[in-house]
Amino acid sequence: MGQAACCKDDACEPLILQHNGPETSIAMPIPRVDCHVIKGAHLPNFPQIDSIYVVCQNNGKLVDILHVILEGHGGGEWSGMSVFGNAHLTWDGTKFQKQGGHIIWLRQHNGEFRGGDSFKMVEISEYWRRIQDGTLADALDVGSSVGHSQLLASQRALDNVRNPYSCVAEGTPLFNALANGSLRLVRGKFLEDLWEKRQPWPLRQEMPKHALWDAEQACSHWRTYGPCFFFALSYGWLHPVKNDPDMWYLERVVRILREYRSCAWAFFVWFRKHGLVDPLATGPPEDIGYFIDFCSIPQQDQERGIVRSAEEHSLFIVGLGVMKFLYGHFATTVTRITDMPASEPREYRMRGWTSFEETISNAKPEYEYRVFTFGDMFKPGANALRDFAFFKTSLEAQTPPRLPEQFEAELQRRRDALPKCSTITLFRNHSDEALVVNQYREAWAHLRLSRSLIYRRVGWGCADIMQLASVIPEFQNLTKLVITGSDISGEGMLGLLRSVPAQLLELTITDSGAEDAVADLSAELQRLKQLQMLDLSFCKWGDDGIEALVDHMPGNIRHLELAGGSFTDRGGVALAALLHELDLQKLCIPQNPVGPRTVDALEGALPGSAIQVLMVGSGSLSHADQQRLRKAWADSLKPDSGLQIIGV
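On a predicted model such as this, the values are computed, not experimentally measured, just so you know. (Residues numbered from 1 in each chain as written. Predicted model: local features only at pLDDT ≥ 70, side-chain atom pairs only at ≥ 80, totals over all residues. Heavy atoms only, no water.)

Caption draft 1: Representation of a negative patch on the surface. A cluster of like negative charges, contributed by Asp487, Asp511, Glu515 and Asp516, occupies part of the molecular surface. Looking at the secondary structure, you find Glu515 in the loop between β18 (506-509) and α17 (518-525). (Patch = residues over 30% accessible without salt bridge, like charges linked within 9 Å, V, L, I, M, F, W, Y side chains within 5 Å. Areas by Shrake-Rupley, 256 points an atom, 1.4 Å probe, with all protein chains shown as cover. Salt bridge = Lys/Arg side-chain N within 4 Å of Asp/Glu carboxyl O. Lys, Arg positive; Asp, Glu negative; His and termini not counted. Charge placed at Lys NZ, Arg CZ, Asp CG, Glu CD. Helix = DSSP H or I, 4+ residues; strand = E, 2+ residues; numbered from the N terminus.)

Caption draft 2: Main features of the side chain of Glu524. The residue Glu524 is located in helix α17 in this model. You can call Glu524 buried: its relative accessible area is 16%. For Glu524, the side chain forms a polar contact with the side chain of Arg527, separated by 3.1 Å. Excluding its chain neighbours within four sequence positions, the residues that come into contact with Glu524 are Leu494, Leu497 and Arg498. (Buried < 20%, exposed > 50% of the residue type's maximum accessible area, 1.4 Å probe, protein only. Polar contact = N/O pair within 3.5 Å; in protein donor to acceptor, adjacent residues only side chain to side chain. Contact = heavy atoms within 4.5 Å.)

Caption draft 3: Quick look at the pairing of β18. Across four bridges, the pairing between strand β17 (residues 480-483) and β18 is parallel. Looking at β18, one finds that Lys480 is bridged to Glu506. Tracing the backbone out of β17, into helix α16 (residues 489-499) and back to the parallel element β18 gives a crossover that is right-handed. Here β18 runs beside strand β19 (residues 533-535); their pairing, made up of three bridges, is parallel. When the sheet's bridge partners are listed, Thr508 is paired in β19 with Asp535. Tracing the backbone out of β18, into α17 and back to the parallel element β19 gives a crossover that is right-handed. (Pairing = 2+ DSSP bridges. Right-handed = clockwise from strand over helix to strand, strands pointing away.)

Caption draft 4: Broad picture of the pairing of strand β22 (residues 613-617). The buried fraction of β22 amounts to four of the five residues, a majority that puts the element mostly inside the structure. Note that strand β21 (residues 586-588) and β22 share three bridges and pair parallel. Residue pairing for β22: Lys586 is matched across the bridge by Val613. In terms of strand pairing, β22 meets strand β23 (residues 643-646) through four bridges, oriented parallel. Paired with Met615 across the bridge in β23 is Gln644.

Caption draft 5: Fine view of empty space enclosed by the protein. Using the criterion set out here, one finds one cavity of 30 Å³ or more in the structure. What the largest cavity holds in volume is close to 40 Å³. Contributing to the lining of the largest cavity are Met493, Leu497, Leu521, Leu525, Leu536, Trp541 and Leu549. For the lining of the largest cavity, the per-class residue count stands at seven nonpolar, no polar and no charged. (1 Å grid on protein atoms, 1.4 Å probe; cavity = no way out; pocket = protein on both sides within 12 Å on 5 of 7 lines; lining within 4 Å. Points joined across faces, edges and corners; volume = space filled by probe spheres on them. Nonpolar A, V, L, I, M, F, W, Y, C, P; charged D, E, K, R; others polar.)

Caption draft 6: Representation of the layout of surface pockets. If you add up the space inside the second largest pocket, you get close to 800 Å³. In this structure, the second largest pocket is lined by 27 residues; those nearest its centre are Trp237, Pro240, Gln299, Trp353 and Asp432. When contributions to the lining of the second largest pocket are tallied by element, the ones reaching two or more residues are α9 (310-321) and α11 (352-362). Counting residues per element, the lining of the second largest pocket draws most heavily on α11, which supplies four residues. Here the residues of the lining of the second largest pocket are counted per class, giving 11 nonpolar, seven polar and nine charged.

Caption draft 7: Molecular detail of the environment of Glu259. You can see Glu259 is positioned in helix α6 (residues 248-262). By relative accessible area, which is 7% here, Glu259 ends up buried. Along the backbone, Glu259 and Asp387 are 128 residues apart, and their C-alpha atoms lie at a distance of 5.2 Å. Once you skip the residues sitting within four places of it in the chain, Glu259 turns out to touch Leu385, Arg386, Asp387, Phe390 and Phe391.

Caption draft 8: Structural context of the pattern of salt bridges. For the coordinates displayed, the defined rule picks out 32 salt bridges. Note that Asp544 is salt-bridged to Arg570, the shortest N-O span being 3.0 Å. Highlighted residues: Asp544 in helix α18 (residues 542-551) and Arg570 in helix α19 (residues 569-581), separated in sequence by 26 residues. What makes Arg570 partly exposed here is its relative accessible area of 35%. Connected through salt bridges with shared partners, the residues Arg349, Glu358, Arg402, Glu410, Arg413 and Arg414 form a single ionic network.

Caption draft 9: Structural context of the packing of α17 against α18. Between α17 and α18, whose axes approach to 8 Å, the crossing angle comes to 20°. If you check the angle between α17 and α18, you find them roughly parallel. Handedness of the α17/α18 crossing: right-handed. Contacts between α17 and α18 involve Val518, Ser522 and Leu525 from the former and Gly545, Ala548 and Leu549 from the latter. Split into classes, the residues belonging to the contact of α17 with α18 amount to four nonpolar, two polar and no charged. (Axes fitted to C-alpha atoms, helices over the stretch in contact; angles between N-to-C directions. Parallel < 35°, antiparallel > 145°, perpendicular 65-115°, else oblique. Left-handed = near helix turned anticlockwise from the far one by under 90°.)

Caption draft 10: Focus on the environment of Thr282. Inspection of the secondary structure assignment puts Thr282 in the loop between α7 (264-273) and β13 (289-291). On the basis of relative accessibility, which here comes to 70%, the residue Thr282 falls in the exposed class. Remark: the alpha-carbon pair of Thr282 and Val269, spanning 13 residues in sequence, is separated by 9.6 Å. For Thr282, the contacting residues outside a window of four places in its chain are Trp265, Phe268 and Arg272.

Caption draft 11: Region of interest: helix α5 (residues 215-225). Here α5 has its buried residues at Ala215, Ala218, Cys219, His221, Trp222, Thr224 and Tyr225. You can read the cap of α5 off the contacts: a side-chain oxygen lies 2.9 Å from the backbone nitrogen of Glu216, and it is on Asp214. Positive phi appears at Gly226, one or two residues downstream of α5, with a value of about 55°.

Caption draft 12: Layout of the sheet that holds β17. Strand order in the open sheet formed by eight strands is β16-β17-β18-β19-β20-β21-β22-β23, and the pairing between neighbours is parallel. Both edges of this open sheet fall to β16 (452-455) and β23, since each of them pairs with a single strand only. Recorded for the sheet is a direction-independent mean angle of 10° between the axes of neighbouring strands. Helix α21 (residues 623-635) rests against β22 and β23 of the sheet, and its axis sits at about 165° to β23.

Caption draft 13: Structural context of the packing of aromatic side chains. This model, assessed by the stated rule, comprises 30 aromatic pairs. Measuring from ring centre to ring centre gives 5.5 Å for Phe267 and Phe391, while their planes differ by 90°; the resulting arrangement is edge-to-face. With Phe267 in helix α7 and Phe391 in helix α12 (residues 387-392), this pair connects stretches of sequence that are 124 residues apart. Each member of the pair, Phe267 as well as Phe391, is classed as buried. Considering the side-chain rings of Trp270 and Tyr369, the 4.9 Å spacing of their centres and the 85° angle between planes classify their relative orientation as edge-to-face. Residue Trp270 is found in helix α7, and its partner Tyr369 is found in the loop between α11 and β15 (371-374); the two are separated by 99 residues along the sequence. One aromatic cluster is present, formed by Phe231, Tyr260, Phe267, Trp270, Phe271, Tyr290, Tyr369, Phe372, Phe374, Phe378, Phe390 and Phe391 through successive ring pairs. A cation over a ring is seen here: Arg187 above Trp213, with NZ or CZ 3.9 Å from the ring centre. (Phe/Tyr/Trp six-rings, centres within 6.5 Å; stacked < 30°, edge-to-face > 60°. Lys NZ or Arg CZ within 6 Å of the ring centre and 35° of its normal.)

As structure tokens, this is what we get:
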């Protein structure tokens, strides 16, 4: 998907795509209908518009947002849009209309159509106006058939189309730089070959052709494999011209590559599950593409007479301009090597550029498995960890995101911490400081639009959480917050809950250690009236804490998880009552020593409830209690697979 294009003539009317008659879902399977792609010859001449978006839905679930490009002034091709049955578009001078049949979005892969999805058409005039003026609102009237959840899904997908930090498509700065050769990605296998020969990596102008990914291949692979393919290295140069003459970094990069290759399938499956890999891809890429600035953008070595030409200088400037995307993009994997040889006095955090790379990669809204930090404990020849365990140890170096002014203050703090009696400076080129400050400010303007913040296994404490709480008000579109593996205490939890916006839909905070503040936390939860999913597992709430949470549970909760909450039957009975007090559809309470009283309460609550998934257990239920629960579940006509008694 490309970025939204605005009307070239500010006075022209917004393009409106409408349908005649009531919306209907497609009734005929795709293989049994005829299909053709609408070509430019079928379109009217509409020179003011060069790009539109169509919101596509299927039974209330967003399928895709179709990016339609009208090339030139004669219409052009509607890329990826097909009509089935007797559908056709007409133009009445002010708007397009669809008549009859159905319009289908077919996914493209390397220029070929691969499968498709059917959808209902929804009027998009309001979407188009907001694309034009650059705003998105929380409320949108697109007809009574569009519900709140549909709207949020549509807005989330539209955000991804518009946001250059989450979109992998033509028209976005990083994709364009890759496509036009301003930056080139190094083949992982080439780096491994260099290490086998004990040869330092060469600068960009001296890279052999086979060492670099072809621009077209690199773009195609990034589209298909996302962060499984596109890697970016953050490191500090060890020589002002030769970069890494003793292969300190090369040895470490090769060890990282080999371990990643050994568990590439695990990462591939995980990223595909989370929508970051093309669902049509059948396996991980044959190799990765690595951005290493010395090898990827033109350099200079005046001692050897290598000076950037005017063209190379232009490529270099473009490369510098997309640094914020390289390290902050949703679909790149950043490897930070913060360790340096003992002989190097200018450490990773004594440098301005690496400080920028570290801070912007920390600001990735969904960080998991896309930023790895290898510090002084990483010894490439001695590290005994292998495969996935090798990477798990490098996940806990993330710090919470910083506001632009906080980033500037951190740069000053690092400058003040430099040795006083030395020539070490934060930036060797002093003009670079303004560049990175501006880049971070520009990046933050986009990153803060994210609707989800996910921080798994980051190992934060109360101070880190309070830093996160200080920036969360910037994320005004936030609907999902996930923090796991962090002992944040009651103070941190309370600060966090007070900072999140009232429209939050999903909240996961596990292992929090916040049981000491359960009364205040419970009261604060009531402010989140739209909350639908709540997971507060692995905190020792106890029976008193569970009862307090139940008394203040937001009324829209549909999915509740309280595994490992250290409560007994008193807490279990209180939770069972929620099956009728709320429209609860999923309740997960394993690893709690509940017993027959909880089963009694569930037996009475199951009939007529909306519950579809129930997880209990931990070995505290007798065989008779388990059988009673199974019978009550079956008698209530619940899904067979919905009841899970863990530990049986």
